[in-house]
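Fold and contact review
Here is how the chains run, residue by residue.
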Amino acid sequence: MTSISTDPRPLRTADLGTLVIMCWSRETPDGDVPFLLACSLGDGEGGPEATPAAVEGLLSRSGLAVGGDTVLAGTVLPDLPIGLLVVPGAAALTMPGVNAQFVPTPRWRAAVDERRFACLIFATRPWAGGETGDGAAVAAFANDKETLATAAQVVLPVRSLRT
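Below is a summary of the structure that appears in this document. Since the structure is predicted, the reported quantities are computational estimates derived from the model, not experimental observations.

Concerning the overall build of the chain
Along the backbone of the chain there are five helices and eight strands. Listed N to C, the secondary structure of the chain is α-β-β-α-β-β-β-β-α-β-α-α-β in terms of helices and strands. The buried share of the chain, reckoned over its 163 residues, is 42%. Carbon and sulfur atoms provide 54% of the accessible area of the chain, an area that totals close to 9,000 Å².

The structure is reproduced here in structure tokens:
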């Protein structure tokens with residue numbers, strides 16, 4: 001008798017390559033909205049060709065689908081194993097297989113402090129936009145139709161340390 005396992009395939013972190021987190025905020029009529037872009041540099045063992053499948057596997061393990069509607073973590077999916085911790089001078093995105101720390105910009109931090117959430121775009125496409133510190137390049141990549149169609153999008157509540 002043959003059975004088919006529904007367990008996810010082992011995560012090949014070697015194909016993920018370097019994961020980067022870039023933050024920015026966008027002005028709206030209601031004030032600044034904070035965004036995060038997470039993506040691979042495409043420098044894994046399989047090169048940029050293997051990156052989309054590796055990132056999609058990582059997202060699937062976290063309960064996220066690519067190309068779907070924006071997920072409201074904490075409300076629609078309260079058990080989603082993804083978190084955003086923000087402390088003075090630093091922030092960290094955590095999910096199964098990822099603990100990515102980054103230094104937020106002052107404007108992003110102010111928007112997060114006001115909103116208490118950030119909009120995460122986790123792209124399956126590898127970053128090919130040059131310097132990750134170029135805000136215009138980050139925004140162009142994050143807003144590209146192909147990036148959005150193949151990304152997971154999550155509104156993450158912000159956690160902080162209680163003092």
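Notes on the side chain of D32
Within the element layout of this structure, D32 appears in strand β2 (residues 31-40). In this structure the side chain of D32 is engaged in a polar contact, spanning 3.3 Å, whose partner is the side chain of S25. A polar contact is formed between the side chain of D32 and the side chain of R107, at a distance of 2.7 Å. Look past the residues within four positions of D32 in its chain and what remains in contact with it is S25, R26, E27, R107, A111 and R115.

Some thoughts on the packing of aromatic side chains
This model, assessed by the stated rule, comprises three aromatic pairs. When the ring of F102 is compared with that of W108, the centres are 5.6 Å apart and the planes differ by 70°; the resulting orientation is edge-to-face. Each of the two residues, F102 as well as W108, counts as buried. Ring centres of W127 and F141 lie 5.1 Å apart, and the angle between their planes is 70°; this geometry places the pair in the edge-to-face category. In this pair, W127 is assigned in the loop between β7 (117-123) and α4 (135-143) and F141 in helix α4, connecting sequence segments 14 residues apart. Here W127 matches F141 in class, with each residue buried.

So, the nonpolar core
Where a protein is soluble and globular, its nonpolar side chains tend to be buried together. Core analysis: the largest hydrophobic core is formed by 30 residues, its most contacted members being L36, L64, L84, F102, W108, L120 and F122. Setting aside residues up to four positions removed in sequence, W108 forms contacts with C23, W24, S25, P34, F35, L36, L84, V86, A91, F102 and A118. Grouped together as the second largest cluster of nonpolar side chains are 17 residues, M22, L37, C39 and V155 included.

Comments concerning the pairing of strand β5 (residues 90-95)
As judged from the five bridges shared by strand β4 (residues 83-87) and β5, these two strands associate in the antiparallel manner. Residue L85 lies in a different strand from β5, and its bridge partner there is A92. Joining the antiparallel neighbours β4 and β5 is a turn of two residues, in which G89 adopts a positive phi near 85°. As judged from the five bridges shared by β5 and strand β6 (residues 98-102), these two strands associate in the antiparallel manner. When the sheet's bridge partners are listed, A92 is paired in β6 with Q101. Connecting the antiparallel pair β5 and β6 is a turn made up of two residues, with G97 showing a positive phi of about 90°.

Some thoughts on unusual backbone geometry
The phi dihedral of R116 is positive, around 70°, even though this residue is not glycine. Locating R116 in the fold gives a position in the loop between α3 (106-115) and β7. For R116, a relative accessible area of 37% translates into the label partly exposed.

A few points about the environment of G129
Position of G129 among the secondary structure elements: in the loop between β7 and α4. Residue classification places G129 among the partly exposed residues on the basis of a relative accessible area of 35%. The spacing of G129 and A140 is eleven residues in sequence and 8.8 Å in space, taken between C-alpha atoms.

How each quantity is defined
Residues numbered from 1 in each chain as written. Predicted model: local features only at pLDDT ≥ 70, side-chain atom pairs only at ≥ 80, totals over all residues. Heavy atoms only, no water. Helix = DSSP H or I, 4+ residues; strand = E, 2+ residues; numbered from the N terminus. Buried < 20%, exposed > 50% of the residue type's maximum accessible area, 1.4 Å probe, protein only. Areas by Shrake-Rupley, 256 points an atom, 1.4 Å probe, with all protein chains shown as cover. Polar contact = N/O pair within 3.5 Å; in protein donor to acceptor, adjacent residues only side chain to side chain. Contact = heavy atoms within 4.5 Å. Phe/Tyr/Trp six-rings, centres within 6.5 Å; stacked < 30°, edge-to-face > 60°. Core = buried A, V, L, I, M, F, W, Y, C linked by side-chain atoms within 4.5 Å. Pairing = 2+ DSSP bridges.

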